[in-house]
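Remarks on the overall topology
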Amino acid sequence: MRSPARSLALIVLACIAVGGAAQSVETAPPPVVPGHQAVPHSHGSIGRHAHRPPPVCPEGETGARFEVEYTGFPDAAQTAFQAAVDTWSCRIESPFAIRIDARWEELDPVTLGSAGPFLHRNFEGAPVRDVWIPAALADVYAGRDLSPGRPDIEATFNAAFAAWDLDPSTAPLPGQYDLYTVVLHEIGHGLGIIGGFTVVDGEGVLEDGEGADGPYLYDQFAVDDVGRSLLTSPVYPVGSVVLGEALQSAVAFDGAAVQQVFAGAAPLYAPSLWVTGGSYSHLDESAFPEGTADGLMTPFIRPRETIPEPGDVTCAILADLGWLLTGDCAERVGPQPGVAGRLLVFLDGPNPFRGSTRLRIVGPPDVPLRADVYDTSGRRIRQLDVPVSGELVVEGDGLASGSYWIRVYGDGVETLQPVVRIGG
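Residues numbered from 1 in each chain as written. Predicted model: local features only at pLDDT ≥ 70, side-chain atom pairs only at ≥ 80, totals over all residues. Heavy atoms only, no water.

**Looking at the overall build of the chain**
We apply this condition: Helix and strand assignments come from DSSP, with helices taken as H or I runs of at least 4 residues and strands as E runs of at least 2, each series counted from the N terminus. The buried label applies to any residue whose accessible area, calculated with a 1.4 Å probe on protein chains only, is under 20% of its type's maximum; exposed applies above 50%, and partly exposed to all values in between. The contact rule is simple, with two residues in contact once any of their heavy atoms fall within 4.5 Å. Accessible surface is estimated by sampling points in the Shrake-Rupley manner with a 1.4 Å probe; for residues, cover comes only from the protein chains shown.
Secondary structure summary: the chain contains seven helices and 24 strands in total. Considering the chain as a whole, with its 424 residues, one finds that 55% of them fall into the buried category. Taking the intrachain contacts of the chain between residues at least 6 apart in sequence as the baseline, contacts between residues at least 24 apart amount to 67%. Within the structure as shown, the chain displays about 17200 Å² of accessible surface, and the carbon and sulfur contribution to it stands at 51%.

**So, the sheet that holds strand 24 (residues 413–421)**
Threshold: Here, a strand pair is defined by DSSP locating no fewer than two bridges between the strands. Whenever a helix is involved, its axis is fitted only over the stretch in contact; in every case the axis is a line through C-alpha atoms, and angles between N-to-C directions fall within 0 to 180 degrees.
The strand order across the open sheet formed by four strands is 21-20-23-24, and the pairing between neighbours is antiparallel. With one partner strand each, in any of the chains shown, strand 21 (380–385) and strand 24 form the two edges of the open sheet. Direction aside, the axes of adjacent strands within the sheet are offset by 20° on average. Relative to strand 21, strand 20 (residues 370–375) runs antiparallel, the two sharing five bridges. The residue of strand 21 that forms the bridge with Tyr-374 is Arg-380.

**Observations concerning the state of the cysteines**
Applicable threshold: We call a pair of cysteine sulfur atoms a disulfide whenever their separation is within 2.5 Å.
With the rule as written, the count across this model stands at one disulfide. Across the disulfide, Cys-315 is cross-linked to Cys-329 (sulfur-sulfur distance 2.0 Å). Disulfide Cys-315-Cys-329: the torsion about the S-S bond is -60°, which places it as left-handed. Here Cys-329 lies in helix 7 (residues 327–333) and Cys-315 lies in helix 6 (residues 312–321), a separation of 14 residues in the sequence. For the residue pair Cys-315 and Cys-329, the accessibility class agrees, reading buried in each case.

**Let's talk about the confidence of the model for the chain**
Inclusion rule: The pLDDT value tells you how sure the predictor is about a given residue, anywhere from 0 up to 100.
For the chain, per-residue confidence averages 82 on the pLDDT scale, and residues scoring 70 or more make up 83% of the total. Element-level mean pLDDT values for the chain span from 44 in strand 1 (residues 8–9) up to 98 in strand 15 (residues 266–267). Segment residues 1–52 is flagged for pLDDT under 50; beyond a separation of four residues in sequence, or across chains, it makes 175 contacts in the model.

**Here we look at helix 6**
Each α-helix turn comprises 3.6 residues. Residues three or four places apart therefore point the same way. With nine of ten residues buried, helix 6 is to be regarded as a mostly interior element. Taken as a whole, helix 6 has its buried residues at Val-313, Thr-314, Cys-315, Ala-316, Ile-317, Leu-318, Ala-319, Asp-320 and Leu-321. Within two residues after helix 6, Gly-322 carries a phi angle of roughly 125°, on the positive side.

**Some words on the sheet that holds strand 15**
With antiparallel pairing, three strands are arranged side by side in an open sheet as 13-14-15. With partners counted over all chains shown, the strands left at the sheet margins are strand 13 (222–223) and strand 15, one partner each. In terms of strand pairing, strand 14 (residues 252–253) meets strand 15 through two bridges, oriented antiparallel. Residue pairing in the sheet places Phe-253 in a bridge with Ala-266 of strand 15.

**Here we look at unusual backbone geometry**
With an omega dihedral of 5°, the bond running from Asn-351 to Pro-352 counts as a cis peptide bond. Among the secondary structure elements, Pro-352 is positioned in the loop between strand 18 (344–347) and strand 19 (356–362). The phi dihedral of Asn-122 is positive, around 55°, even though this residue is not glycine. Along the chain, Asn-122 turns up in the loop between strand 6 (119–120) and strand 7 (133–134). The buried category is assigned to Asn-122, whose relative accessible area is 11%. Look at Arg-304: it is not a glycine, yet its phi comes out positive at around 75°. Looking at Arg-304, the relative accessible area reads 21%, which means it is partly exposed.

Quick look at the structure:
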């Protein structure tokens, strides 16, 4: 186990906004959560990892599209941040852009930074009622962008921190902390590795005081040392000391995909004294020590420690939450039980388009799918059969310039994809 006295804590900040599909929209401002601090190390502890350039997407492979709005980032820091974004983009899929508001600002001198998702619940398509879901993942479940023009993830990193290593292609010098690895970690929280439980005066609660009280999707998978859900109210009433004690003893993440790669529930970081921003929303330090890929999502990073990509358990947690994995993450996890029964449509061609565009469709097995083209007045223009391959080509011939909806549907599933035809 890494010694916190020689480590720098990674932090997670849950920034809250909520909304619903065709419903009145609840909103809540981001809560103010203090960040963890760097404790100066006296012995110059050096990690043993050889740094290498972050992995890139294999040629022809697509994943998620991230859009990052940078504020105040120097070029070198932006390069490290973008490298981490590119690594995640090759490992998850979404039909919608994942927007990050990234800020480079002066914080407490020993604070690395913070990141976390906006949240939605009770929207059309939500997998469970009264549970907060990270915005980027909520869009996938809903089949539409629930908050157009608003970021899905907010991230702030410390411009005043003097020990950053900003070059993702070389090993950090002694005493330096790898910005690429820290950003990779924080984006993991923004994608959903974050829970709503906290401990206040010894009691376990699901309250943030800012309008997002109640469980997060991540909390649905939290179990105690004998496999009981922490959301089992007769055993662990919210607001009870017994729940507080469980959160400060032995907690694990238990999902089908995690069981698949780990052969058991994955231990979470649960020190005997609650650490705001550290406890529970991280993997356990002793179970996933320095030198392992899943050390990425533990709460501490040492000088010179570098982790180029998420590990098996990290990828599996995202699959259990409902992300469709691709690339290296898909290979690590294998069959993904978390996406069974869902219909996802990805735009693989140009939009707007002239001659034609392409849609990639991932649907439930053994469910025949069809697709219709509608104009903006709701009139059906064309019927299409979806090939077994899932690659659907939409030809522009016969379509006037303008906006259209592609409706893909089958037995019990349906989703819409907007497209725009331009030119002649």
